[in-house]
Amino acid sequence: MAGCTLRLDCELRLGSFALLAQGDLRWHGMLGLCGPSGSGKSSLLRVLAGLEPQAAGRVELNGECLQDSAHKVSVAPHRRRVACVFQDARLFPHLSVAGNLRYALRRAQAPAPSFEAVVTQLQLQPLLERGVDALSGGETQRVALARALLSAPRLLLLDEPVSALDPQQREAVLSALERLRDSGGPPMIYVSHASTEIARLAQRTLYIAEGRLATAGAGPSAESSALGLCT
């Protein structure tokens, strides 16, 4: 199971909202991130991905500095090897499923998993020749997940990827994430309002409230405390 070390001392101001993320985070597999709406969950992921250029402070991933505003260091998003799967999958509409996946493979910044292995793991064989407009919501998210994996990320960010899906589609994506977690895939951060999803997927849980990382834990007692705060 892949491990991850993330060191944060960063700030992002968006109007009247301020995200202040500080701490050293270490986990294996999947880290759950929960908190109420507007608490800064998605903003934190965007900072990690390099999508908030106005963020200040320092971010380190596995010992490498991704951002240090004091020294004018900012690694471009496409060079961070931090992949994102959002609520809206953001697939390329002019490409087939296979075309979307092979695009990610061509742009990978490091040796990627095999195309065939990822397609098999996420059960995408019947979908490869389809256009993305012919996919269900659950199929779309599994394709987005496969595209992220084929970019060879060292960190995978999942921003409420099942929130818009019906129960059957949600179960298909959650099962795919479980297989990925258990097969030694990249370290992941999974954002959700649903405590049941966090409890099912995450080995460690982090709580964020009003832009502050408030509760981190590992083990049953810490998990129960953090999950009790998820709404």
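A brief report on the enclosed structure follows. All of these numbers come straight from a predicted model, not from anything done at the bench.

## A closer look at the overall build of the protein
(1) Moving on: In terms of regular secondary structure, the protein is built from seven helices and eleven strands.
(2) Moving on: Radius of gyration (C-alpha) of the protein: 17 Å, near the 17 Å computed for a compact globule of 231 residues.
(3) Moving on: Counting only C-alpha atoms and orienting by the principal axes, one finds that the protein spans roughly 45 × 40 × 35 Å.
(4) Moving on: Put simply, of all contacts in the protein between residues at least 6 apart along the chain, 68% involve residues at least 24 apart.
(5) Moving on: Summed over all atoms, the accessible surface of the protein reaches about 10300 Å², with 51% contributed by carbon and sulfur.
(6) Moving on: Across the protein, 24 positive and 21 negative side-chain charges occur, with their mean positions spaced 5 Å apart.

## Quick notes on the packing of helix 2 (residues 97-107) against helix 4 (residues 137-150)
Each pair of packed helices can be summarised by the angle the axes make with each other and by the distance between the axes.
(1) Moving on: In contact at an axis separation of 7 Å, helix 2 and helix 4 are set at 25 degrees when each is read in the N-to-C sense. On the basis of the axis angle, helix 2 is roughly parallel to helix 4. The two elements helix 2 and helix 4 meet at a crossing, and its hand is right-handed. In contact with Val97, Asn100, Leu101, Ala104 and Leu105 of helix 2, helix 4 contributes Val143, Ala146, Arg147 and Leu150.
(2) Moving on: Grouping the amino acids of the contact of helix 2 with helix 4 by side-chain chemistry returns seven nonpolar, one polar and one charged.

## A short note on helix 5 (residues 167-182)
(1) Moving on: Here helix 5 is 16 residues long and its end C-alpha atoms lie 22 Å apart, about the 22 Å a rise of 1.5 Å per residue gives.
(2) Moving on: By the burial criterion, the buried members of helix 5 are Val173, Leu174, Ser175, Ala176, Leu177, Leu180 and Arg181.
(3) Moving on: Residues of helix 5 that are buried make contact with strand 3 (30-34), helix 3 (115-121), helix 4, strand 8 (155-159), strand 9 (188-191) and helix 6 (195-201).
(4) Moving on: Capping of helix 5 at its N-terminal end is provided by aspartate 166; its side-chain oxygen lies 3.2 Å from the backbone amide nitrogen of glutamine 168.

## As for the nonpolar core
(1) Moving on: Judged by nonpolar contacts, the single largest core of 41 residues is most densely connected at Leu101, Leu122, Leu124, Leu156, Leu158, Leu177 and Tyr190.
(2) Moving on: With seven residues, helix 4 is the single largest residue contributor to this core.
(3) Moving on: By size, the runner-up hydrophobic cluster in this structure holds 29 residues, among which are Trp27, Ala49, Val59 and Leu66.

## Digging into the pattern of salt bridges
(1) Moving on: Evaluated as defined, the whole model comprises eleven salt bridges.
(2) Moving on: Between arginine 7 and aspartate 24 there is a salt bridge; the shortest N-O distance is 3.5 Å. Taken together, the residues span a long stretch of sequence, with arginine 7 in strand 1 (residues 3-14) and aspartate 24 in strand 2 (residues 17-28) at a distance of 17 residues.
(3) Moving on: With relative accessibility at 32%, the residue arginine 7 sits in the partly exposed group.
(4) Moving on: Residues participating in the shared-partner salt-bridge network are Arg58, Glu60 and Asp68.

## Regarding the packing of helix 4 against helix 5
(1) Moving on: Remark: helix 4 packs on helix 5, axes separated minimally by 8 Å, with the N-to-C direction vectors making an angle of 20 degrees. Classified by the interaxial angle, the pair formed by helix 4 and helix 5 is roughly parallel. The chirality of how helix 4 crosses helix 5 is right-handed. Each of Gly137, Gly138, Gln141, Arg142, Leu145 and Leu149 in helix 4 lies in contact with helix 5, whose residues at this interface are Gln169, Ala172, Val173, Ala176, Leu177 and Leu180.
(2) Moving on: Classifying every residue of the contact of helix 4 with helix 5 by side-chain character gives seven nonpolar, four polar and one charged.

## Regarding the side chain of asparagine 100
(1) Moving on: Its location among the elements puts asparagine 100 in helix 2.
(2) Moving on: Overall, asparagine 100 belongs to the buried group, its relative accessible area being 0%.
(3) Moving on: Each residue touching asparagine 100, except ones within four places of it in the same chain, is listed here: Leu91, Phe92, Leu95, Val132 and Arg147.

## Thoughts on the pairing of strand 9
(1) Moving on: Taking every second residue as pointing to the same face, both faces of strand 9 are buried, with Met188 and Tyr190 on one and Ile189 and Val191 on the other.
(2) Moving on: Where strand 8 and strand 9 come together, four bridges link them in parallel fashion. Residue pairing for strand 9: aspartate 159 is matched across the bridge by valine 191.
(3) Moving on: As for the winding sense of the linkage, the β-α-β connection from strand 8 through helix 5 to strand 9 is right-handed.

Conventions we followed
- Residues numbered from 1 in each chain as written.
- Predicted model: local features only at pLDDT ≥ 70, side-chain atom pairs only at ≥ 80, totals over all residues.
- Heavy atoms only, no water.
- Helix = DSSP H or I, 4+ residues; strand = E, 2+ residues; numbered from the N terminus.
- Rg over C-alpha atoms; globule rule 2.2 N^0.38 Å.
- Contact = heavy atoms within 4.5 Å.
- Areas by Shrake-Rupley, 256 points an atom, 1.4 Å probe, with all protein chains shown as cover.
- Lys, Arg positive; Asp, Glu negative; His and termini not counted.
- Charge placed at Lys NZ, Arg CZ, Asp CG, Glu CD.
- Axes fitted to C-alpha atoms, helices over the stretch in contact; angles between N-to-C directions.
- Parallel < 35°, antiparallel > 145°, perpendicular 65-115°, else oblique.
- Left-handed = near helix turned anticlockwise from the far one by under 90°.
- Nonpolar A, V, L, I, M, F, W, Y, C, P; charged D, E, K, R; others polar.
- Expected span 1.5 Å × (residues − 1).
- Buried < 20%, exposed > 50% of the residue type's maximum accessible area, 1.4 Å probe, protein only.
- Polar contact = N/O pair within 3.5 Å; in protein donor to acceptor, adjacent residues only side chain to side chain.
- Core = buried A, V, L, I, M, F, W, Y, C linked by side-chain atoms within 4.5 Å.
- Salt bridge = Lys/Arg side-chain N within 4 Å of Asp/Glu carboxyl O.
- Pairing = 2+ DSSP bridges.
- Right-handed = clockwise from strand over helix to strand, strands pointing away.

The quantities given are spatial measurements derived from coordinates; they are silent on function.
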